[in-house]
Amino acid sequence: MSKDGDVETFRRRREVEIKNGRVAMFAAMGYIVPEYYRFPGFLAPSANLKFADVPNGLAALKTMPAEGWFQWVALCGLYETCVNKPVDPAEPGNYGKGRLGYGSMVVGIQGKRIEDPEARKKSLNSELANGRLAMMAIIGMFFQDGLTGSAWGEWANYTDSPLRAFEGELGVQPPVGFWDPLGLSADGDVAFFKRRREVELKHGRISMFAAIGYIVPEYFRFPGELSPKLGISFADVPNGLAAISKVPGQGWSQIVGFLGTYELFINGEQKNGEPGNYGKGNLGLGFLGPVNDPEARKKKLSAELANGRLAMVAIIGMFFQDGLTGSAWGDWALYTDSPLR
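Worth saying up front: this structure is predicted, and the values here are computed from it rather than measured.

A. Region of interest: the packing of helix α4 (residues 190–215) against helix α6 (residues 294–325). Taken N-terminus to C-terminus, the directions of α4 and α6 make an angle of 55°; their axes are 7 Å apart at the nearest point. The orientation of α4 with respect to α6, classified from their angle, is oblique. Every pair of crossing elements has a handedness; the one defined by α4 and α6 is left-handed. Across the interface between the two elements, R197, E200, L201, H203, G204, R205, S207, M208, A210, A211 and Y214 of α4 pack against E304, L305, N307, G308, R309, A311, M312, I315, M318, F319 and D322 of α6.

Here it is in structure tokens:
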């Protein structure tokens, strides 16, 4: 979003980020505090509604009277339009309220600013980081509350989830457990799940080879010629994306043909309906035989999934860095054209 180098747009987005972060920090605290403390007395005497009567979380939305929501909207609107006026266009989110925004507690009172530049920078960075964390946290709280019907609901309460069909599958491991933010498994279709799992395994295996293929040439290359006909030695092929234009067309044809043979004829049929299992045994080498101990097998298959996922992220990062800096292990200093500078 910042690649166009537009300073005004960047500042507007930063101000929105800071505002949303501040609101999210209050919201996250608003989820936590009522679990331990509530104000005594009445929230709305005319409606005979006590603070203790208001449930925590999303359920409070239908309990709060309309007059209460009007007061909240009016208060927030007042602060947005009248109280929080920018004091420095070059510093988004600074409304002259001083440290921790204390100046906002009483209209017209200016808070005391942090004079030490390093302390001020540290505090502002902390606010940004905490605000980003709070935005993630409050969305997670909303999501969990909406699924389980409780502000701190347990997954066990969400008995209608179609994801339960897959929560015992391989790959459901710490720290995130069953993680499907896009809801690709929400329909509970087992056949589609197995197809996606097979694709995930294939991509993970290829990515592990690709990541190693980025690293090894930095330390070792085969001696001799890659293409005697064209006079290209292995040492002539650069590492990383630059190799794409160096490998001759016949070489790419050989690679595609080799992979196609494996895809169509060697690794063609799954064994026992298990995604990614082509009967090749331990490490996929064939001659080592299968892993017979169930616990050891589960551990190795889980490790393969986890390492494949890491390798997919790693190889994309290597491609990105290579493309930006022109080097497989490029230094950010080489990317002099970056508008982010």
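Moving on from the model shown.
B. How the structure looks around the nonpolar core. Within the largest apolar cluster, 6 residues are counted, these being A24, A28, Y31, A134, I138 and M141. Looking at this core, the elements with two or more residues in it are α1 (7–32) and α3 (117–148). If we skip the residues at most four places from it in the chain, A28 touches I138 and M141.

C. Fine view of the pattern of salt bridges. Scanning all chains against the criterion turns up 13 salt bridges. With a shortest N-O distance of 2.5 Å, E80 and K19 are connected by a salt bridge. With E80 in helix α2 (residues 66–83) and K19 in helix α1, this residue pair connects regions lying 61 residues apart in the sequence. A cluster of three or more residues bridged by salt bridges with shared partners is formed by R14, E17 and R132.

D. Quick look at unusual backbone geometry. At N48, a position not held by glycine, the phi torsion is positive, near 55°. Summarising the element assignment, N48 is placed in the loop between β1 (42–44) and β2 (49–50). Classification of N48 by relative accessible area gives exposed; the value is 54%.

Cut-off values and rules
- Residues numbered from 1 in each chain as written.
- Predicted model: local features only at pLDDT ≥ 70, side-chain atom pairs only at ≥ 80, totals over all residues.
- Heavy atoms only, no water.
- Axes fitted to C-alpha atoms, helices over the stretch in contact; angles between N-to-C directions.
- Helix = DSSP H or I, 4+ residues; strand = E, 2+ residues; numbered from the N terminus.
- Parallel < 35°, antiparallel > 145°, perpendicular 65-115°, else oblique.
- Left-handed = near helix turned anticlockwise from the far one by under 90°.
- Contact = heavy atoms within 4.5 Å.
- Core = buried A, V, L, I, M, F, W, Y, C linked by side-chain atoms within 4.5 Å.
- Buried < 20%, exposed > 50% of the residue type's maximum accessible area, 1.4 Å probe, protein only.
- Salt bridge = Lys/Arg side-chain N within 4 Å of Asp/Glu carboxyl O.

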